[in-house]
Amino acid sequence: MNNSGSSTVLTIVLALIFLKEGITWQKSIAVILIAIGIFLMIQKKSTAEENDSNGKSWLFYAVLSAVFASLTAVLGKIGITGIESNLGTAIRTGIVLVMAWSMVFITGKQSEIHNIDRRELIFICCSGIATGASWMYYYKALQNGPASVVIPIDKSSVLVTVAFSYFIFHESLDKKSAIGLALLVLGTIIIAIL
């Protein structure tokens, strides 16, 4: 959630600045509400988990992930202006596919594909189908709508994730996270209706 949230705020700011979508005081308040909501939803890990991690290297990768996620949206918006969104999604997906398989071979993990449990493989494939559908609709919305509005609406999928977590995994939000989620939703609504 940290990467998704921080990239949302960064993407909105980049879209407002570089895509000339206009910064108003209302949009500024919405971005602040989203940022506060995300901050409140971030759960602090236990000290033992922090000690087990390799220093703070994860923070470096998380920041890079947020920056690249933001660039994905802004560059995608610029890139699909003159082409059909499904073609743009297919080109982007092909590049992601090549990069992902390259990393599998570079790290020497290709032999592990035979050890994947059948049930896990089914869920991974279903996740891939859901990702593909999400990207197709996302880039269609991004092609026709302002990035500063499409991005937070897309990231509001956190509501569905929270609902699934509650009903399927029996996870619940504490008071701080619930307030954060409410602020995130409020900020998204404000930015969507402006």
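Residue indices follow the written sequence of each chain, beginning from 1 at its first position. The model is predicted, so local features are restricted to residues of pLDDT at least 70 and side-chain atom pairs to those at 80 or more, both for listing and for counting; the totals for chains, interfaces and linings are taken over all residues. Hydrogen atoms and water are omitted, and side-chain values are computed over all heavy atoms in the structure.

A. A look at the overall build of the chain. Secondary structure elements are taken from DSSP: a helix is a run of H or I of four residues or more, a strand is a run of E of two residues or more, and numbering for both begins at the N terminus. Within the chain one finds nine helices and zero strands. Based on the C-alpha atoms only, the size of the chain along its principal axes is roughly 55 × 45 × 35 Å. Per-residue burial over the chain gives 26% buried out of 194 residues. By the convention used here, residues are in contact when the closest approach between their heavy atoms is within 4.5 Å. Across the chain, the fraction of contacts at a sequence separation of at least 24, relative to all contacts at a separation of at least 6, is 81%. The accessible surface values rely on the Shrake-Rupley method and a 1.4 Å probe; as for residues, cover is taken only from the protein chains in view. Per element, the accessible surface of the chain, about 12,900 Å² overall, is 70% carbon and sulfur. For the chain, the centre of its 14 positive side-chain charges and the centre of its 11 negative side-chain charges are spaced 8 Å apart. The buried label applies to any residue whose accessible area, calculated with a 1.4 Å probe on protein chains only, is under 20% of its type's maximum; exposed applies above 50%, and partly exposed to all values in between. For this count, His and the chain ends are skipped, Lys and Arg are scored as positive, and Asp and Glu as negative. A single reference atom marks each charge: NZ on Lys, CZ on Arg, CG on Asp, CD on Glu.

B. Molecular detail of the side chain of T188. Looking at the element boundaries, T188 is found in helix α9 (residues 175-193). Given the relative accessible area of 7%, T188 is considered buried.

C. Quick look at the confidence of the model for the chain. The predicted model of the chain has a mean per-residue pLDDT of 80, with 90% of residues at 70 or higher. Considering each helix and strand of the chain separately, the mean pLDDT is smallest for helix α3 (residues 47-52), with a value of 47, and largest for helix α5 (residues 85-106), with 92. pLDDT is defined as a per-residue confidence score from the predictor, taking values between 0 and 100.

D. Structural view of the packing of aromatic side chains. Each aromatic pair joins two rings of Phe, Tyr and Trp (for Trp, the six-membered one) with centres within 6.5 Å, and gets the label stacked for planes under 30 degrees apart, edge-to-face for over 60, and tilted for any other angle. Following the criterion strictly, the structure yields three aromatic pairs and no others. The interplanar angle of 85 degrees and the centroid separation of 5.1 Å between the aromatic rings of Y138 and Y139 together place this pair among those described as edge-to-face. Of the residues examined, Y138 reaches a relative accessible area of 12% and is grouped as buried. In this structure, R92 is placed above the aromatic ring of W135, and the distance from its NZ or CZ to the ring centre is 4.2 Å. To sit over a ring, a charge needs its Lys NZ or Arg CZ within 6 Å of the ring centre and within 35 degrees of the ring normal.

E. Structural detail: the nonpolar core. Counting 13 residues, the largest nonpolar core has I12, I34, M41, V158, L181 and L184 as the members making the most contacts within it. Counting residues per element, the ones that place at least two in this core are α1 (2-18), α2 (25-41), α8 (158-167) and α9. With five residues, α2 is the largest single contributor of residues to this core. In plain words, nonpolar cores are sets of buried Ala, Val, Leu, Ile, Met, Phe, Trp, Tyr and Cys residues tied together by side-chain atoms within 4.5 Å. Of all hydrophobic cores here, the second largest spans nine residues; its members include A15, A73, Y139 and V150.

F. Spotlight on the pattern of salt bridges. We define a salt bridge as a side-chain nitrogen of Lys or Arg found within 4 Å of a carboxyl oxygen belonging to Asp or Glu. Counted under the stated rule, the structure contains one salt bridge. Measuring nitrogen to oxygen at the nearest pair gives 3.8 Å for the salt bridge that ties E112 to K109. For E112, a relative accessible area of 41% puts it in the partly exposed group.

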